[in-house]
Amino acid sequence: MIEIEGVSFSHGRAPILSDISLTIPAGGVTALVGPNGAGKSTLLALMARLLPLQAGSIAIAGRSVAATPGREMARTVAILRQDPGVSSRLRVRELVGFGRFPHSRGRLTAEDERLVDEALERFDLTGLAHRFADTLSGGQRQRAMIAMAYCQGCQTMLLDEPLNNLDMFYARDLMRTLRMVADSQNKTIVVVLHDINHAAAHADRIVALRDGRLVVNDVTARVLTPETLQAIFGYRMEVATVGGLPVVLHHR
Amino acid sequence: MPGRVMAEAATASPHRAAERRTVLAICAIATAVCAVFLFVGLRGNVAFVLGLRLSQLLGLVQVAVSAAVSTVIFQTITGNRILSPSIMGLDALYLFCQTVLVFALGGFGYAALPPAWKFSGEVALMMAISLALFLPMLRRRSDMMLMILTGFVLGLMFRSLSALVARLIDPNEFAVLQGASFATFQSLDEGLLAIGAVVTALGTAAAWRARHVLDVIALGRDAAVGLGLDWNRWVTALLSLVACLVATSTALVGPLAFLGLLVVALAERVCGTRGHGFLLPAAAGVAVIVLVGAQALARLGFGGAVVVSVVVEFVGGLVFLALLFSRRHG
Ligand SMILES: Nc1ncnc2c1ncn2[C@@H]1O[C@H](COP(=O)(O)OP(=O)(O)O)[C@@H](O)[C@H]1O
Ligand SMILES: [Mg+2]
């Protein structure tokens, strides 16, 4: 469970988030949506303590983000940043192996190696395991970064625009994998999405921000109405039903 | 830890094995170079000459290892492969601290202090100043060009501040200072040799213990924090370690602008990895080969004594320019 209580944040004088309070239940996929600059990345960074809390409190699985030691927090929550660069020259397998650092401090045990192999397998990276990450395509690198976050083995995962750079095949594949992981391992997954239809197909809940304020936090079906979507994105879009699934015609 | 199986051997990839062989080869060559330095051309009072050479070797190895280790750490915490502590003006900072101490204590006071005291005072002063200057930049990694420019400006500033303070010192004291700040490979400061060996050994051991942490720090601040590292604490600790190593090396032989950069670039090229478990020993080994090897060649009659530092610095400067112009830095 993620509990966010009265969180506000500003860069200098510019307010970025204003008094956000919300609760995300344990287990399941939650889509975080909103226009560019709404504050999604900032909220995720606060949850993963990459930014210091200025006001309010955040607790993940009962642990206060501000007060819990870094190493314990790193075993509780894993984050994928938006556009993470790979700064050093690393092979994919080494990169994914860093996910085990909070557990074994860099000395991988046999169990760690097994988990790394499993993560490589799950994100279809086995064939790329010995390639240098800086020689991969954007989408392949993105998958390697996701595998690293997955490998951290945390009950809570925060993914900031993981579909960036992924083609349709891998975008669908990733969303299905997240769905499966959430169901089979009861993980709490928060994922920032721009394509609302991925949220429609795979997310249990949708949390929407606009201009640093919470617009809605509800189960997917109740968010996908023309009125609510207009409140979030600022224009009217039709919602159709195809094969029993809501489909948002946001591009028309 | 009982019950925790180390799996390195079982799953070590072919790359790992190759990297390990490269590091071993580098260390073997470094040992051979040290042997050549010690034993080739022994004449006269063998025991005496050998003793002299041993202490010289101890000094050279110290300087080499500390240049390599401090540069590796500095590059990793700044996230930048064309920086070294000397390029950022840290050795100029050390000379400045020394000048300030001579000024504050007076030439006689300074000369009368036991070397251990002088040295600790200078190191403490230097750690304080470098933390104050660089920590704000490292909290969030700054832009590379900004850091290089800052380094050059700081270096110039400390040099001219040193010159200014030196003017204020009376001529006798200035002589003391010159004696202190223009050490070379020829006249190693015996009093500092033992302290330096201890500091360098401890510092190198600390860097080695932190090799996995350094690997994580190389991923960048956000990734490191996400993996549970206390970024500010580690960067502070590692920067202090760098300051300490640079102070020791500068105290022993004087400023060496490009040695660290040269050997780390070479080691990385040879090893093909930036994994610190390989890079730290490889860079240290290459540094020993370059510095001790150059000194051995100089003694065998290839060029005079001055040539060593000039050649090492000249080649290092070329490497710096090459790195600066090639696209693959950073
Ligand atoms: N370092 C920063 N300094 C100043 N403003 C920033 C900084 N980072 C982000 N912002 C601003 O904060 C707002 C929210 O950014 P962000 O959380 O990245 O939005 P989103 O991820 O929803 O697109 C934007 O208006 C952005 O311009
Ligand atoms: Mg964003």
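Asks: I keep staring at the overall build of chain B and nothing clicks. Help me out?
Replies: When its secondary structure is counted, chain B shows 14 helices and zero strands. Helices and strands appear in chain B in the N-to-C order α-α-α-α-α-α-α-α-α-α-α-α-α-α. The 330 residues of chain B split such that 52% are buried. Long-range pairs, those at least 24 residues apart, make up 80% of the contacts in chain B with a sequence separation of at least 6. Summed over its atoms, the accessible surface of chain B is roughly 14600 Å², and 71% of this surface lies on carbon and sulfur atoms.

Asks: Where do I start with the domain arrangement of chain A in this structure?
Replies: How big an interface is tends to be expressed through the accessible area that disappears when the partners come together. Residues and elements named next belong to chain A. Looking at chain A, the domain boundaries give domain 1 (1-76 + 154-218) and domain 2 (86-151). Here the C-alpha centre of domain 2 lies 23 Å away from the C-alpha centre of domain 1. On the domain 2 side, the residues contacting the 17 residues of domain 1 number 13 residues. A combined buried area of about 1300 Å² lies between domain 1 and domain 2, and 61% of that area is made up of carbon and sulfur atoms. When the buried area of domain 1 at its contact with domain 2 is split by residue, Arg71, Met157 and Tyr170 rank highest and sum to 31% of it. Across the contact surface, domain 1 and domain 2 share seven residue pairs in polar contact (both at pLDDT 80 or more). Every element with two or more residues in the side of domain 1 that touches domain 2 is listed here: helix H2 (70-74) and helix H7 (168-185). Ranked by the residues each element gives to the side of domain 1 that touches domain 2, the list is headed by H7, at six residues. Tallied by class, residues from the side of domain 1 that touches domain 2 come to nine nonpolar, four polar and four charged.

Asks: Teacher, can you tell me more about the coordination of the magnesium ion (ligand 2) here?
Replies: When a metal holds four donors in a tetrahedron, each ideal angle between them is 109.5 degrees; when it holds six in an octahedron, the ideal angles are 90 or 180 degrees. All names here are of chain A. Protein coordination at the magnesium ion (ligand 2): the donors are Ser41 (OG) and Gln82 (OE1), at 2.0 to 2.1 Å from the metal. Remark: Gln82 occurs in the loop between strand E6 (77-80) and helix H3 (92-97) and Ser41 occurs in helix H1 (residues 40-47); sequence separation between them is 41 residues. On the basis of relative accessibility, which here comes to 23%, the residue Ser41 falls in the partly exposed class. You can call Gln82 partly exposed: its relative accessible area is 30%.

Asks: I tried to follow the packing of helix H3 (residues 46-78) of chain B against helix H12 (residues 259-271) of chain B on my own but got confused; where do I start?
Replies: Geometry of a packed helix pair, given as the angle between the helix axes and the separation of the axes. Residue and element names in this part refer to chain B. For the pair H3 and H12, the least separation of the axes is 8 Å and the interaxial angle reads 75 degrees. The orientation of H3 with respect to H12, classified from their angle, is roughly perpendicular. Contacts between H3 and H12 pair Ala67, Ala68, Thr71, Val72 and Gln75 from the former with Leu259, Gly260, Leu261, Val263 and Val264 from the latter. A class-by-class count of the residues in the contact of H3 with H12 yields seven nonpolar, three polar and no charged.

Asks: It is not clear to me how the interface of chain A and chain B should be interpreted in this structure. Could you clarify?
Replies: Contacts between the two partners involve 31 residues from chain A and, on the opposite side, 28 residues from chain B. Both faces considered, chain A and chain B share a buried interface measuring about 2600 Å² in area, 53% of it formed by carbon and sulfur atoms. If you look at where chain A meets chain B, you find two salt bridges. Across the salt bridge formed by Asp222(B) and Arg81(A), the nearest N and O atoms sit 2.9 Å from each other. For the pair chain A and chain B, the number of links is six residue pairs in polar contact (both at pLDDT 80 or more).

Asks: Which parts of the structure should I look at to understand the sheet that holds strand E9 (residues 205-210) of chain A?
Replies: By way of backbone hydrogen bonds, the strands of a sheet pair with one another, either parallel or antiparallel. Residues and elements named next belong to chain A. Strands sit in the order E6-E7-E8-E3-E9-E10 across an open sheet of six strands; the sheet is mixed. In this open sheet, the two strands that pair with only one neighbour each are E6 and strand E10 (213-219). The average angle at which neighbouring strand axes cross in this sheet is 15 degrees, direction not considered. In this structure, strand E7 (residues 156-159) lies alongside strand E8 (residues 188-192), joined through four bridges in parallel fashion. Across the sheet, the residue bridging to Thr156 is Thr188, located in E8. Contacting strand E3 (28-33), E6, E7, E8 and E9, H1 runs over the sheet at an angle of about 150 degrees to E8. Here helix H10 (residues 226-233) sits on the sheet and contacts E3, E9 and E10; the angle it forms with E9, its principal contact strand, is near 40 degrees.

Asks: Would you mind going over the site of ligand 1 with me for this structure?
Replies: Residues and elements named next belong to chain A. All residues adjacent to ligand 1 are His11, Ile16, Pro35, Asn36, Gly37, Ala38, Gly39, Lys40, Ser41 and Thr42. Note that an oxygen atom of ligand 1 is positioned 2.8 Å from one of the backbone N or O atoms of Lys40. Within the contact set of ligand 1, an oxygen atom lies 2.6 Å away from a side-chain nitrogen or oxygen of Thr42. Within the complex, the protein chains bury 55% of what would otherwise be the 570 Å² of accessible surface of ligand 1. At three residues, the largest contribution of residues to the shell around ligand 1 is made by H1. Residues that form the shell around ligand 1 fall into these classes: three nonpolar, six polar and one charged.

Asks: What's the story with unusual backbone geometry in this structure? I'm lost.
Replies: With glycine set apart, most residues show a phi of negative sign, and most peptide bonds adopt trans. Residue and element names in this part refer to chain A. The phi dihedral of Asp19 is positive, around 45 degrees, even though this residue is not glycine. For Asp19, a relative accessible area of 55% corresponds to the exposed category. Residue Asp211 is not a glycine yet carries a positive backbone phi of 50 degrees. Locating Asp211 in the fold gives a position in the loop between E9 and E10.

Asks: Sorry if this is basic, but what is going on with the nonpolar core here?
Replies: One recurring pattern in soluble globular proteins: nonpolar side chains tend to sit buried together. Ranked by internal contacts, the top residues of the largest apolar core, which has 182 residues, are Ile4(A), Met47(A), Leu158(A) and Met126(B). Examining the composition of this core, we find that 15 residues originate from one element, helix H11 (residues 231-253) of chain B, more than from any other. Each of domain 1 (1-76 + 154-218) and domain 2 (86-151) of chain A gives at least three residues to this core. Apart from the residues within four sequence positions on either side, Met126(B) is in contact with Leu90(B), Leu93(B), Tyr94(B), Cys97(B), Ala243(B), Val246(B) and Ala247(B). Leu101(B), Val102(B), Tyr110(B) and Val165(B) belong to the second-largest nonpolar core, a separate cluster that totals five residues.

Reading the values: rules and limits
Residues numbered from 1 in each chain as written. Chains lettered and ligands numbered in written order. Predicted model: local features only at pLDDT ≥ 70, side-chain atom pairs only at ≥ 80, totals over all residues. Heavy atoms only, no water. Helix = DSSP H or I, 4+ residues; strand = E, 2+ residues; numbered from the N terminus. Buried < 20%, exposed > 50% of the residue type's maximum accessible area, 1.4 Å probe, protein only. Contact = heavy atoms within 4.5 Å. Areas by Shrake-Rupley, 256 points an atom, 1.4 Å probe, with all protein chains shown as cover. Domains from an automatic or database assignment. Buried area = accessible area lost by both parts, 1.4 Å probe. Polar contact = N/O pair within 3.5 Å; in protein donor to acceptor, adjacent residues only side chain to side chain. Nonpolar A, V, L, I, M, F, W, Y, C, P; charged D, E, K, R; others polar. Donors = N, O, S within 2.8 Å, 3.2 Å for Na, K, Ca; no water. Axes fitted to C-alpha atoms, helices over the stretch in contact; angles between N-to-C directions. Parallel < 35°, antiparallel > 145°, perpendicular 65-115°, else oblique. Salt bridge = Lys/Arg side-chain N within 4 Å of Asp/Glu carboxyl O. Pairing = 2+ DSSP bridges. Near = heavy atom within 4 Å. Core = buried A, V, L, I, M, F, W, Y, C linked by side-chain atoms within 4.5 Å.

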